[in-house]
Amino acid sequence: MRLAMLEFMQWFLVLCSIGCLIRLILGPRGADRLVALNVLSGVALGFLVLRGVQLGQVLYLDVALVYDIFGFLGFLAIARFLKDKLADQEDES
Amino acid sequence: MDAKKIWHLIRFLITAVAMYAVWLLFSASFQPYSLIAGLIGSLLISALTYQEFIAEHEASLGSFMPRPIQLIVFLFILMFYLYQSSIKMLGAVFHGRVNPRIVHFRTRLRSDLARMVLSNSITLTPGTITLDLNDDHLTVHWFFCNTSHAKVAGEAVKGRMEQHLKRVWL
Amino acid sequence: MIEIGRNIFALIAFGSAVIFGIGGIIGLFRFPDAYSRLQAGALCGTTAVISIFIGSLILAPTWAIAARIILLLFFFLVSSPTGAHIVARFAWNSDIQPWRPADQRRTGSDDRSKE
């Protein structure tokens, strides 16, 4: 029962991440892609926690903790990069 | 020792204690080597960075030290609001009747930390996202808008959250 | 007996996680502009992940794992709205107009006014 539930939730999260990836590829502008990436990071976090509980290993949860705290620094970097790129395009045109 | 030096010392000590608590949480071992290494590291880092951790112009201890019991109560209230608004959002996803609008309003909270927590929690809860926080002026994207009057919109969005936060941070 | 109770509570938590997750993914595809997608995705996604954390907390085999999951829960309550705010601020600063329903389009004045 317990292992079956954990296994099922992992497959469900895989399906969710496929949906996010479709949005990531389709998204017409940079902001839509960042939205998909935001949801995807939460999905990855839930997957790490489920995997750690299923195998009973603490190491997965340590990785999840660090990924949680420093995850949004990645968004900051990507947002800054995209803004610089937009400004460059406006300068050229 | 004048007041300024004491204030520097208090800020340094608070930073060091916070660093050491985080080290204990992450390392989760009580061997003497790990304890001493963490102590030396936290003292060194807090000597370098306490100016940024707590700004010089903070009024007093009360403006950034939360009251622990009230803070835990606030976190549970926040979780309750999160589920409530998420159920509302599920309804909106399925029937599709929404009215998104940008609203501007002001907050009455004084300390910077409390304002930051307020903007974070109104990003979490009732279908709203903080777009900008400028001193005490908030720009919010509201998903279920029914008014454009600034004061009414502010009361509807902040709701009881501001009252709870006032108890946590004065 | 305790084992059965734990399983039932975990089943409730995981069931709500599945419902909110499906709602979030549908919301990502249904709404027309970036702000509305962010609202649906961030809110339902956060609730789904927190439900998964609560379910895992009930099923956790040892105390070390349970303590780390509680820590993760509190950090996630801080970091998730921060990430959503960064994305929303990027959209706001790159001059994307918010979408409005068709019958509301002319009533309000300027949304994107720079002061």
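Residues numbered from 1 in each chain as written. Chains lettered and ligands numbered in written order. Predicted model: local features only at pLDDT ≥ 70, side-chain atom pairs only at ≥ 80, totals over all residues. Heavy atoms only, no water.

Draft legend 1. Focus on the packing of aromatic side chains. Counted under the stated rule, the structure contains three aromatic pairs over all chains. For the pair Phe80(B) and Tyr81(B), a centre-to-centre distance of 6.1 Å together with 40° between the ring planes defines the contact as tilted. Phe80(B) gets classed as exposed once you look at its relative accessible area, which sits at 52%. Ring plane angle 65° and centroid distance 6.1 Å describe the contact between Tyr83(B) and Phe20(C), whose orientation is recorded as edge-to-face. Residue Tyr83(B) is found in helix H3 (residues 68-95), and its partner Phe20(C) is found in helix H1 (residues 2-30); the two belong to separate chains. Given the relative accessible area of 5%, Phe20(C) is considered buried. (Phe/Tyr/Trp six-rings, centres within 6.5 Å; stacked < 30°, edge-to-face > 60°. Buried < 20%, exposed > 50% of the residue type's maximum accessible area, 1.4 Å probe, protein only. Helix = DSSP H or I, 4+ residues; strand = E, 2+ residues; numbered from the N terminus.)

Draft legend 2. Examining a negative patch on the surface more closely. Residue and element names in this part refer to chain A. Residues Asp84, Asp88, Glu90, Asp91 and Glu92 make up a contiguous surface patch of negative charge. Looking at the secondary structure, you find aspartate 91 in helix H3 (residues 59-92). Residue aspartate 91 is classed as exposed on the basis of its relative accessible area, which comes to 63%. (Patch = residues over 30% accessible without salt bridge, like charges linked within 9 Å, V, L, I, M, F, W, Y side chains within 5 Å. Areas by Shrake-Rupley, 256 points an atom, 1.4 Å probe, with all protein chains shown as cover. Salt bridge = Lys/Arg side-chain N within 4 Å of Asp/Glu carboxyl O. Lys, Arg positive; Asp, Glu negative; His and termini not counted. Charge placed at Lys NZ, Arg CZ, Asp CG, Glu CD.)

Draft legend 3. Broad picture of the pairing of strand S3 (residues 137-142) of chain B. All names here are of chain B. Burial runs high along S3: six of the six residues are buried. Neither face of S3 is left uncovered, since the one carrying His137, Thr139 and His141 and the one carrying Leu138, Val140 and Trp142 both have all their residues buried. Here strand S1 (residues 101-106) runs beside S3; their pairing, made up of six bridges, is antiparallel. Looking at S3, one finds that histidine 104 is bridged to threonine 139. Sheet topology note: the strand S2 (residues 128-134)/S3 ladder contains six bridges and is antiparallel. Looking at the pairing, threonine 130 lines up with valine 140 of S3. Here S2 folds back onto S3 in antiparallel fashion, the turn holding two residues, of which aspartate 135 has a positive phi close to 55°. (Pairing = 2+ DSSP bridges.)

Draft legend 4. Structural context of the confidence of the model for chain C. Averaged over every residue, the pLDDT of chain C is 79; residues scoring 70 or more account for 87%. Within chain C, helix H3 (residues 63-93) of chain C has the poorest average pLDDT of any element, 83, and H1(C) the best, 86. (pLDDT = per-residue confidence, 0-100.)

Draft legend 5. Region of the structure containing the nonpolar core. In terms of nonpolar packing, the biggest core is built from 90 residues, with Met9(A), Phe14(C) and Phe53(C) touching the most fellow members. For this core, the element with the highest residue contribution is H3(C), accounting for 15 residues. Among residues more than four places away in sequence, those in contact with Phe53(C) are Leu45(A), Gly46(A), Val49(A), Ile69(C), Leu72(C), Leu73(C) and Phe76(C). (Core = buried A, V, L, I, M, F, W, Y, C linked by side-chain atoms within 4.5 Å. Contact = heavy atoms within 4.5 Å.)

Draft legend 6. Summary view of the state of the cysteines. One pass over the structure, following the stated rule, counts zero disulfides over all chains. Cys20(A) takes part in no disulfide bond, and the closest cysteine sulfur, belonging to Cys16(A), lies 6.7 Å away. (Disulfide = S-S within 2.5 Å.)

Draft legend 7. Main features of helix H6 (residues 161-169) of chain B. Residues of H6(B) that are buried: Met161(B), Glu162(B), His164(B), Leu165(B), Val168(B) and Trp169(B). The arc that holds the buried residues of H6(B), viewed along the axis, is 155°, so those residues lie on one side. (Arc of directions from axis to C-beta.)

Draft legend 8. How the structure looks around the sheet that holds S3(B). Pairing in this open sheet of three strands is antiparallel, and the strands run S1-S3-S2 (chain B) from one edge to the other. Two strands in the sheet have a free side with no partner beyond their single neighbour: S1 and S2 of chain B. Averaged over neighbouring strand pairs, the angle between their axes works out to 25° when direction is ignored. Docked against the sheet, helix H4 (residues 112-124) of chain B engages S1, S2 and S3 of chain B, running at close to 155° with respect to S2(B). The sheet strands contacting helix H2 (residues 34-59) of chain C are S2 and S3 of chain B, and the helix crosses S2(B) at an angle near 115°. (Axes fitted to C-alpha atoms, helices over the stretch in contact; angles between N-to-C directions.)

Draft legend 9. Looking closely at a nonpolar patch on the surface. Taken together, the side chains of Leu15(A), Ile18(A), Ile22(A), Leu26(A) and Phe29(C) present a nonpolar region at the surface, about 480 Å² in accessible area. No other element matches helix H1 (residues 2-26) of chain A, which puts four residues into the nonpolar patch. Mapped onto the elements, Leu15(A) comes out in helix H1.

Draft legend 10. Up close: the interface of chain A and chain C. Opposite the 47 residues of chain A that make contact, chain C presents 44 residues. When the two sides are added together, the surface that chain A and chain C hide from each other amounts to roughly 3800 Å², 81% of it contributed by carbon and sulfur. Considering only the surface of chain A that becomes buried against chain C, Met5(A), Arg23(A) and Val35(A) emerge as the three largest contributors, covering 14% of it. Where chain A touches chain C, the interface holds two salt bridges. With a shortest N-O distance of 2.4 Å, Asp32(A) and Arg37(C) are connected by a salt bridge. Of all the elements, helix H2 (residues 30-55) of chain A adds the most residues to the side of chain A that touches chain C, at 15 residues. (Buried area = accessible area lost by both parts, 1.4 Å probe.)

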